[in-house]
Amino acid sequence: MLGWLVAVGCVILVAWIWPRSKYLGSRKKPSDALLTGLLTGIPRQKAGETPASDRGHEKSASPVALICKPSALANYLLKHCRTFNSYSPCVGWSWRASAILQSVYDTCWPYSSPVQFVRDHLQLSDEGLVSLDWALALCGTSSHKRRRTSSTSTSPVLLIVPNSFGKITRNVLKLCEAALSHGYLPVVFNRRSHNGTPLTTLKLQQFGDPADLREAVRYIRYRQPAGRLYAAGESTGSGLLLSYLGECGSSSYITAAVCLSPVFRCQSWFESGLPRAVQWALVLYQKMSLSRYRTVLGETVHADSLFSSSSLRGLEESLFCQTPHKSTTITTTTTTSSGTTGGNTSGTWEAYWDRNEPLRDVDEVAIPVLSICARDDPVRGPPRSTLPLELFQTNPHFFLLLTEHGGHCGFSARSGGDAPVTGGAPGAGVGMPRTSWSHGALLEFFRATTDFFAAEERAKHLAARRRGLGGGMVGRSFRHRSISTCKRVPECSHNIHAIYSWQRSYTR
């Protein structure tokens, strides 16, 4: 019922904004010179040519640009990821050509998913609860009655971090469908109090605090020690994923990650980065979600100030940047050490974002991260001020797929523009459904990076064998590492340093 109310409200807002929308139609909007030069498509690379990632100013008919630092992995992606160059956005007088309408449709419109979910409630070290929703199988298949995945399964796991408001969108559900059809085990991470998760402590999770996600990842590795772990963040949920990758570095246990329509400069986004109508809808949704906890939240925050706020900044400040009540000083003092308290005794707005800005530890990220963004994203804002292009141009771990059209988590394509991804994960079935363009690019990025890592490992072992250093024995010991080791210590059963031994070689 809550989802329908939000959807109806968004439709009314869109109907009011529609005549003024600058995103309808195929006419190209003027932009700054830097982005005009970068958004030039992904030409096919031939032998002996200059790498495509170096030819940033060649003209091309493709509506997609891959912006990254030249590297061996970048060249491999350009050669093997055909989905990157196959996007055909809707143009003309179709509602899917409007960035606003397709954003509303894919993020707010209700969707009856055929995927079956099984929930695990994970009790954290401070007795708080987060939940993990495992997508098991598509309805109608022979395996949809299976209630639990096997701990000996070698299928890769896809950890999905939804937006920071707790709304499970159509985009997330369809990503679960696409991942299942390609042999992945999707699992959706729900923060404290989100999506029906009980609130058992007097605190909520701060925007970019990865402590809860870190415990969830350890549990996933404990439960599925034999499969590789990938991650995808949606919208503002990408901020939490980037915070986790930055804090954990090469110990994140994640092979590769993708951010769908991420918000990078979150402090300015909370302050002034949203259109008034979109901000009003998000504030209303968050108030409705928090209203069930009004009494208990009143013990640690000023509830009147919280529910009278008219902006996202006001809500965030009321939850995390106000001085707590005197009666709860002891409680908040013991919980602030974890960084997830509802009240914050040290907290100015600037200090809050010093601890929660997603890119604060970006130099520590040690895995490939792909960001899929659209220039006409009405939620993130203008690309000139919201996209950290210098990050993608200088850091070999970050890749940006920047499209001309697509909205926020939309990326609607013309009929025939969505195609199944070839070479899916091990265990992918036959007759897989067609996926959206962004989901196809995500899955193909995972496949290509995994193949690249495997080729790097084979080359390293072959070189070691030629030198007589027993490279074959190293490979066998890695593949047959005992799973019981993981059960004694809740960590990844793989040798994490061996996995990331390629992290320097692919930046050459």
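Residues numbered from 1 in each chain as written. Predicted model: local features only at pLDDT ≥ 70, side-chain atom pairs only at ≥ 80, totals over all residues. Heavy atoms only, no water.

Of the regular secondary structure elements, the chain holds 20 helices and nine strands. A total of 508 residues make up the chain; the buried ones form 57% of that total. Relative to all contacts within the chain whose residues are 6 or more apart in sequence, the contacts with residues 24 or more apart total 76%. Accessible surface, the chain: about 21,800 Å² in total, of which carbon and sulfur atoms supply 54%. (Helix = DSSP H or I, 4+ residues; strand = E, 2+ residues; numbered from the N terminus. Buried < 20%, exposed > 50% of the residue type's maximum accessible area, 1.4 Å probe, protein only. Contact = heavy atoms within 4.5 Å. Areas by Shrake-Rupley, 256 points an atom, 1.4 Å probe, with all protein chains shown as cover.)

This paragraph deals with the packing of helix α3 (residues 72-80) against helix α17 (residues 437-466). The geometry of α3 relative to α17 is characterised by a closest axis approach of 10 Å and an angle of 125 degrees between their N-to-C directions. In terms of orientation, α3 and α17 fall into the oblique class. The two elements α3 and α17 cross, and the hand of that crossing is right-handed. Of the residues in α17, those touching α3 at Ala-72, Leu-73, Tyr-76, Leu-77 and His-80 are Glu-444, Phe-445, Arg-447, Ala-448, Thr-449, Asp-451 and Phe-452. (Axes fitted to C-alpha atoms, helices over the stretch in contact; angles between N-to-C directions. Parallel < 35°, antiparallel > 145°, perpendicular 65-115°, else oblique. Left-handed = near helix turned anticlockwise from the far one by under 90°.)

Turning our eyes to something else, we now look at unusual backbone geometry. The backbone of Ser-261 shows a phi angle near 50 degrees, a positive value even though the residue is not glycine. A relative accessible area of 0% places Ser-261 in the buried class. The phi angle at Phe-411 is positive, at roughly 55 degrees, despite the residue not being glycine. Along the chain, Phe-411 falls in the loop between β9 (398-403) and α17.

What follows deals with the confidence of the model for the chain. Looking at the chain, the pLDDT average stands at 76 and 67% of residues meet or exceed 70. Confidence over residues 416-420 falls short of pLDDT 50; this stretch has 11 contacts with residues more than four positions distant or in other chains. Counting interchain partners and residues more than four positions distant, the pLDDT-below-50 stretch residues 474-508 has 66 contacts. (pLDDT = per-residue confidence, 0-100.)

Throughout the structure, instances matching the rule amount to 20 aromatic pairs. Judged by centre distance (5.8 Å) and plane angle (75 degrees), the ring pair of Tyr-184 and Tyr-230 falls under edge-to-face. Separated by 46 residues along the polypeptide, Tyr-184 in the loop between α5 (170-181) and β5 (185-190) and Tyr-230 in strand β6 (residues 229-234) bring together distant segments of the chain. A single burial state applies to Tyr-184 and to Tyr-230, both of which are buried. Considering the side-chain rings of Trp-269 and Phe-270, the 5.3 Å spacing of their centres and the 80 degrees angle between planes classify their relative orientation as edge-to-face. Of the two residues, Trp-269 and Phe-270, both sit in the buried class. Each member of the aromatic cluster is reached from another via a ring pair, and the members are Phe-207, Trp-269, Phe-270, Phe-320, Trp-349, Tyr-352 and Trp-353. Over the aromatic face of Trp-134 sits the side chain of Arg-223, whose NZ or CZ is 4.1 Å from the ring centroid. (Phe/Tyr/Trp six-rings, centres within 6.5 Å; stacked < 30°, edge-to-face > 60°. Lys NZ or Arg CZ within 6 Å of the ring centre and 35° of its normal.)

Here the focus is helix α9 (residues 276-290). Taking 1.5 Å as the rise per residue, α9 with 15 residues should run 21 Å; its terminal C-alpha atoms sit 21 Å apart, in good agreement. Taken together, the buried positions of α9 are occupied by Ala-277, Gln-279, Ala-281, Val-283, Tyr-285, Gln-286, Lys-287 and Leu-290. (Expected span 1.5 Å × (residues − 1).)

Tracing the backbone through its elements, the reader meets Asn-395 in the loop between α16 (389-394) and β9. Those residues in contact with Asn-395 that lie beyond four places of it in its chain are Lys-69, Val-362 and Asp-363.

Following the criterion strictly, the structure yields 17 salt bridges and no others. A salt bridge links Asp-126 to Lys-203; the nearest nitrogen and oxygen atoms lie 2.4 Å apart. Placement of the pair is Asp-126 in the loop between β2 (115-123) and β3 (129-138) and Lys-203 in the loop between β5 and α6 (211-223), with a sequence separation of 77 residues. Across the salt bridge formed by Arg-192 and Asp-212, the nearest N and O atoms sit 2.7 Å from each other. With Arg-192 in the loop between β5 and α6 and Asp-212 in helix α6, this pair connects stretches of sequence that are 20 residues apart. (Salt bridge = Lys/Arg side-chain N within 4 Å of Asp/Glu carboxyl O.)

With that settled, the discussion passes to the side chain of Ser-164. Looking at the element boundaries, Ser-164 is found in the loop between β4 (157-161) and α5. In this structure the side chain of Ser-164 is engaged in a polar contact, spanning 2.8 Å, whose partner is the side chain of Thr-236. Those residues in contact with Ser-164 that lie beyond four places of it in its chain are Arg-191, His-194, Phe-207, Thr-236 and Gly-237. (Polar contact = N/O pair within 3.5 Å; in protein donor to acceptor, adjacent residues only side chain to side chain.)

A few words now on empty space enclosed by the protein. For the coordinates displayed, the defined rule picks out three cavities of 30 Å³ or more. For the second largest cavity, the calculated volume is near 40 Å³. Taken together, Val-161, Pro-162, Asn-163, Gly-166, Ile-168, Phe-189, Asn-190, Arg-191, His-194 and Asn-195 form the lining of the second largest cavity. Looking at the lining of the second largest cavity residue by residue, the classes come out as four nonpolar, five polar and one charged. (1 Å grid on protein atoms, 1.4 Å probe; cavity = no way out; pocket = protein on both sides within 12 Å on 5 of 7 lines; lining within 4 Å. Points joined across faces, edges and corners; volume = space filled by probe spheres on them. Nonpolar A, V, L, I, M, F, W, Y, C, P; charged D, E, K, R; others polar.)

Right, let's talk about the pairing of β6 for a bit. For β6, a buried count of six out of six residues is recorded, marking the element as mostly surrounded by other parts of the structure. Burial along β6 is two-sided: the residues Leu-229, Ala-231 and Gly-233 and Tyr-230, Ala-232 and Glu-234 are all buried. Pairing between β6 and strand β7 (residues 256-260): five bridges, direction parallel. Bridge pairing in β7 places Gly-233 opposite Cys-259. What joins β6 to β7 is helix α7 (residues 237-248), and the crossover it makes is right-handed. (Pairing = 2+ DSSP bridges. Right-handed = clockwise from strand over helix to strand, strands pointing away.)

On to the packing of α5 against α17. Here α5 crosses α17 at 45 degrees, and the two axes come no closer than 10 Å. Relative to α17, the element α5 is oriented oblique. Remark: the crossing between α5 and α17 carries right-handed chirality. Contacts between α5 and α17 involve Asn-171, Lys-174, Leu-175, Ala-178 and Ala-179 from the former and His-439, Leu-442 and Leu-443 from the latter. A breakdown of the residues in the contact of α5 with α17 according to their chemical character gives five nonpolar, two polar and one charged.

It is worth spelling out the environment of Val-283 at this point. Residue placement: Val-283 occurs in helix α9. Along the chain, Val-283 and Leu-312 lie 29 residues apart, while their C-alpha atoms are 5.9 Å from each other. Not counting residues within four places of it along the chain, the set of residues in contact with Val-283 comprises Ser-309, Ser-310, Ser-311, Leu-312 and Leu-315.

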